[in-house]
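Geometric and topological summary
Chain by chain, the residues:
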Amino acid sequence: MSKFDPYDHLNVVLNKDGTLTRLLEFPTIQATGDQDHLPGQAVVSKDITLDADKKTWVRLYRPSKLPSNDMSIAKLPIIIFFHAGGWIHFSVANTMIHESCNHLSSEVPAIVVAVEYRLAPESKLPEQYYDAIDAVLWIKNQALDSVNGEKWLREYGDFSRCYLYGVSCGGNIAFNSALKLLDRKIEPLRINGIIMNQPLFGGKTRTKSEIRLATDTFFPLPVFDVLWDLALPQGTDRDHRFCNPMVDGPYRDKIKKLGRCLVIGFGGDPLADRQQDFVQMLVKEGIMVEARFDDVGFHGIDVVDSRRAAAITNFIKEFI
């Protein structure tokens, strides 16, 4: 492990000014555009700016064929999605993430609002949480604007059935932004649940799964440590509440007020013990939790295993 370079593993170079040079360019794909139907497209999508100064935006997805009920269009749940990437990688425009949102929108079915949040280390936590809050407040504003509100949301979305859904670091964003949203007035929106798929948490004390899987092929322990070094506020450590939800603090009282939660994990993930401890903490705080853990699998398995991806989609459909 002494010769292992986590930056090389992540395909990045840390610059003297604290920024990253990202050595890989991941394929991207454009949204289909502001059209209600396209031949051969099960899902249509479009991009909308959130904050031009912050360079944040959202990509909306909705099924081309909308479910009907008693001769009228049935309103769809709204899933606010936060992508994976270890805080430092990816965009909702990346083909892999775009296609997963297409699949989610079609299969649930749902309106999906994928959030292009700022990346670390150029933007440290909690900036990503505030980007998430900006997205939720933007959706709220569409609900309140009967004249100029976003058509796809107003005509096809059910503002009383909103869900925060995140993968890996996106799961962390979903949890922490949900806590912050408790201090905001978001009506007529209602957050009906939080979905955390392999959520990224940490801590200074190593867990048994972290020690057992310290040399994991995809996410060895030094990589997780570096990701937290890049993302956490200057001068903090992995026992900061943004990283370790198990630490005590005034924010723990807020956890009791969270709604239903779905937590998904895999036994071959170095983070598995943290995720299961997190579930137990939520249960002790009185939260209704659905925990879907598989003994077999690794962090990010749903990216390369279509069967696992389909299983996760089914978990989400059942939860919603």
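What you are looking at is a predicted structure, and each value in this text was computed from that prediction instead of being measured.

Criteria and thresholds
Residues take numbers from 1 onward in each chain, read along the sequence in its written order. Residue-level local features of this predicted model are given only where pLDDT is at least 70; pairs of side-chain atoms are given and counted only at 80 or more, and the full residue set underlies all totals for whole chains, interfaces and linings. In computing side-chain properties, one takes all heavy atoms of the structure into account and sets aside hydrogens as well as water. UniProt positions are given in the numbering used here, feature names are shortened, and annotations may be inferred rather than shown by experiment. Per the convention used, a helix needs a DSSP run of H or I reaching at least four residues, while a strand needs a run of E reaching at least two, with both numbered from the N terminus. Only strands that DSSP links by at least two bridges are regarded as paired with each other. Only the contacting stretch of a helix is used when fitting its axis, a line to C-alpha atoms as for every element, and angles between N-to-C directions run 0 to 180 degrees. Any two residues whose heavy atoms approach within 4.5 Å are treated as being in contact. Cavities and pockets are defined on a 1 Å grid built over the protein atoms alone: a cavity is a set of grid points where a 1.4 Å probe fits but cannot escape, while a pocket is an open set with protein on both sides within 12 Å along at least five of seven lines, and lining residues are those with an atom within 4 Å of any such point. Grid points are joined across faces, edges and corners, and a volume is the space filled by probe spheres set on the points.

1. Some remarks on the UniProt feature "domain: Alpha/beta hydrolase fold-3" (unreviewed entry) in the protein chain
Look at the UniProt record and you will see "domain: Alpha/beta hydrolase fold-3" (unreviewed entry) annotated at residues 79–300. Taken end to end, residues 79–300 is 37% helix and 18% strand, and its two terminal C-alpha atoms sit 20 Å from one another.

2. As for the sheet that holds strand 4 (residues 56–63)
On the basis of which strands lie adjacent, the open sheet formed by eight strands has the order 3-4-8-7-9-10-11-12 and mixed pairing. Each end of this open sheet is capped by a strand with a single partner; those strands are strand 3 (43–51) and strand 12 (289–294). Neighbouring strand axes in the sheet, compared pairwise and without regard to direction, differ in orientation by 20° on average. The pairing of strand 11 (residues 261–266) with strand 12 spans six bridges and is parallel. Residue Cys261 lies in a different strand from strand 12, and its bridge partner there is Val289. Helix-sheet contacts for helix 2 (residues 95–107) involve strand 3, strand 4, strand 7 (76–82), strand 8 (111–116) and strand 9 (157–167), and the interaxial angle to strand 4 is about 40°. Sitting on the sheet, helix 5 (residues 169–181) touches strand 7, strand 9 and strand 10 (191–197), and the angle it makes with strand 9 is about 130°.

3. Details of the layout of surface pockets
Roughly 1200 Å³ of volume is contained in the largest pocket. Contributing elements (two or more residues each) for the lining of the largest pocket: helix 2, strand 9, helix 7 (221–231), helix 10 (301–304) and helix 11 (306–319). Examining the composition of the lining of the largest pocket, we find that eight residues originate from one element, helix 2, more than from any other.

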